[in-house]
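Spelled out from the first residue to the last, the chains are:
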Amino acid sequence: MPKILHLTADSSGGAGIAASRLVMSLNKFTLYECSLGVIHSCNDSDYTLPLPFYYQWLRKFEHRVLRLQKKGNRTPRSLGLFSSNLHKIVNSSDYDVVHLHWINKNMLSISDIAKINKPIIWTLHDMWPFCGTEHYSNDERYQDGYPSKNGELRSAWVDVDRYVYLKKCASWKRLRLNLACPSQWINRCANASKIFGEVKSKVIPNGVDINLFKSIPKDDCRKQYGVATGKYTILFGAVNSTNDIRKGYLELQGAIVELCNRGYRSSIELVIFGAGDDGLGKALPCDVKYLGNVENEKDMPRVYNCADVFVGPSKQDNLPNTMVEAQSCGVPVVAFDIGGISDIVEHEVTGYLASAFSVYSLADGIEWCMKNTKVQNLQNNARERSIRLFNHRVTALAYQDYYQQIIEDYKYV
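Reading guide: rules and limits
- Residues numbered from 1 in each chain as written.
- Predicted model: local features only at pLDDT ≥ 70, side-chain atom pairs only at ≥ 80, totals over all residues.
- Heavy atoms only, no water.
- Axes fitted to C-alpha atoms, helices over the stretch in contact; angles between N-to-C directions.
- Helix = DSSP H or I, 4+ residues; strand = E, 2+ residues; numbered from the N terminus.
- Contact = heavy atoms within 4.5 Å.
- Nonpolar A, V, L, I, M, F, W, Y, C, P; charged D, E, K, R; others polar.
- Phe/Tyr/Trp six-rings, centres within 6.5 Å; stacked < 30°, edge-to-face > 60°.
- Buried < 20%, exposed > 50% of the residue type's maximum accessible area, 1.4 Å probe, protein only.
- Salt bridge = Lys/Arg side-chain N within 4 Å of Asp/Glu carboxyl O.
- Polar contact = N/O pair within 3.5 Å; in protein donor to acceptor, adjacent residues only side chain to side chain.
- Pairing = 2+ DSSP bridges.

K.L.:
Explain the packing of helix α11 (residues 321-328) against helix α13 (residues 375-389) here, please?
P.N.:
Where α11 meets α13, the axes come as close as 7 Å, and the angle between the chain directions of the two elements is 120 degrees. Taking contact as the criterion, the partners of V324, Q327 and S328 in α11 are, on α13, A382, R383, R385 and S386. Residues that form the contact of α11 with α13 fall into these classes: two nonpolar, three polar and two charged.

The structure is reproduced here in structure tokens:
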């Protein structure tokens, strides 16, 4: 039985959750024996890998170096320059394939990855693997090979992005990589990049347990969480939902104000998970309820089923788990038409794709769902799309085929 070692920094956050779910699905639906290796354990089932004694020092030093890259792009950044030596543990193991996920936080350095002597598949949860230090790029430097004096660079004396990118090019020149792309968008970006333009890639979306994330009577769910039953419930949430600017909370606030100006002040309620009451909701002219962090995944379907619509105003994203989960529960999704979100939402069929970053267009989308006279059709469409495209069994079987191709190809290297 082939053995697959999945590696991700931790099993929390979007990428970690997706990796953890994939491992469970592969063990359930395929003949592969899969383990999830992490450096920060969140579950008893995780295989926690040992870190060098100097790990925390490296993390602090990395933050200092990253400050040298003075750019307007406020995306999270990682260097990937300092070795953890975890590749030695990987190489000495009896796993047949190494499956990389989100391996930053100094889990694996650029050079560590180059030293792995087993077949590698890498799921692109963001753009870091083919960019410089940035996890999401808002320019085209990754397509141009990071030439100097390019893009929005404003650093006075050092271009850290360019240095890290060139390090990747030099280190991975002979590395046999196989890419898995959760969305068509990230696949197009990887194919357009200088570093991965010739690398084999396959689009396989992140799966969701459609038997867990399903429709539940809304009144029961609303009663459990204290959500108003006589109002149109707008749900928003993510990890660190109100503080991470990429999640678009400010744009959502603008859309809510616009809806109130259109006369919906007393008929809507905004429900937020992934954050506590930070006082920002008091500025909104409608009712706002905070659910805080929902620790148990099994509680999330009931949270989604409190809602009439889920709004995901992300400004940078690949294939957000929250939107896939909401649709699987039969909840229409309104989001900006950016990144891989159009892979999830079919415009005016399962929800609404708003013009990027326009609060008025976002408000239009919510209003369109509110006024839709065929709500049941909209809900059914959302559910059916998730069953067809994001069923975790389908995802697991797609990876099973991909693994087999990779193992066969590696025999002839």
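Past the structure itself, the notes keep going.
K.L.:
Looking at this model, I keep getting lost on the packing of aromatic side chains. Mind explaining?
P.N.:
The description of two aromatic rings rests on the distance between their centres and on the angle between their planes. As enumerated under the stated definition, the model contains 18 aromatic pairs in all. Taking the centre distance of 5.6 Å and the plane angle of 15 degrees together, the rings of F236 and Y249 count as stacked. Placement of F236 in strand β8 (residues 232-237) and of Y249 in helix α9 (residues 249-264) is noted, with a sequence separation of 13 residues between them. Judged by relative accessible area, F236 falls into the buried class, the value being 2%.

K.L.:
Looking at this model, I keep getting lost on the pattern of salt bridges. Mind explaining?
P.N.:
Enumeration over the complete set of coordinates arrives at 17 salt bridges. The residue E325 makes a salt bridge to R21 at a minimum N-O spacing of 2.5 Å. Of this pair, E325 sits in helix α11 while R21 is found in helix α1 (residues 13-29), placing the two residues 304 residues apart along the sequence. Of the two residues, E325 and R21, neither departs from the other in class, the shared state being buried. Across the pair K200 and D409 runs a salt bridge, and its minimum N-O distance is 3.4 Å. Residue K200 is located in strand β7 (residues 200-203), and its partner D409 is located in helix α14 (residues 392-411); the two are separated by 209 residues in the primary sequence. A cluster of three or more residues bridged by salt bridges with shared partners is formed by E258, R262, D364, E367 and K371.

K.L.:
It is not clear to me how the side chain of R77 should be interpreted in this structure. Could you clarify?
P.N.:
Looking at where R77 falls in the secondary structure, it is placed in the loop between α2 (55-66) and α3 (86-92). Of the polar contacts made by the side chain of R77, one reaches the side chain of T133; its length is 2.8 Å. Among the polar contacts listed, one links the side chain of R77 to the side chain of D161, at a separation of 2.8 Å.

K.L.:
Sorry if this is basic, but what is going on with the sheet that holds β7 here?
P.N.:
Backbone-to-backbone hydrogen bonds pair the strands of a sheet. The strands run either parallel or antiparallel. Ordered by their spatial adjacency, seven strands build an open sheet running β3-β2-β1-β4-β5-β6-β7, and the pairing between neighbours is parallel. Where the open sheet ends on each side, the last strands, each with one partner, are β3 (47-48) and β7. Of the strand pairs in this sheet, strand β1 (residues 3-7) and strand β4 (residues 97-100) are connected by four bridges, and their pairing is parallel. Along β4, the bridge assignment pairs H6 with H99. The strands touched by α1 within the sheet are β1, β2 (33-38) and β4, with β2 carrying the most contacts at an inclination of about 160 degrees. Relative to the sheet, helix α7 (residues 184-192) contacts β6 (177-181) and β7, its axis offset from that of β7 by approximately 165 degrees.

Treat this as a map of the structure, not an account of what it does.
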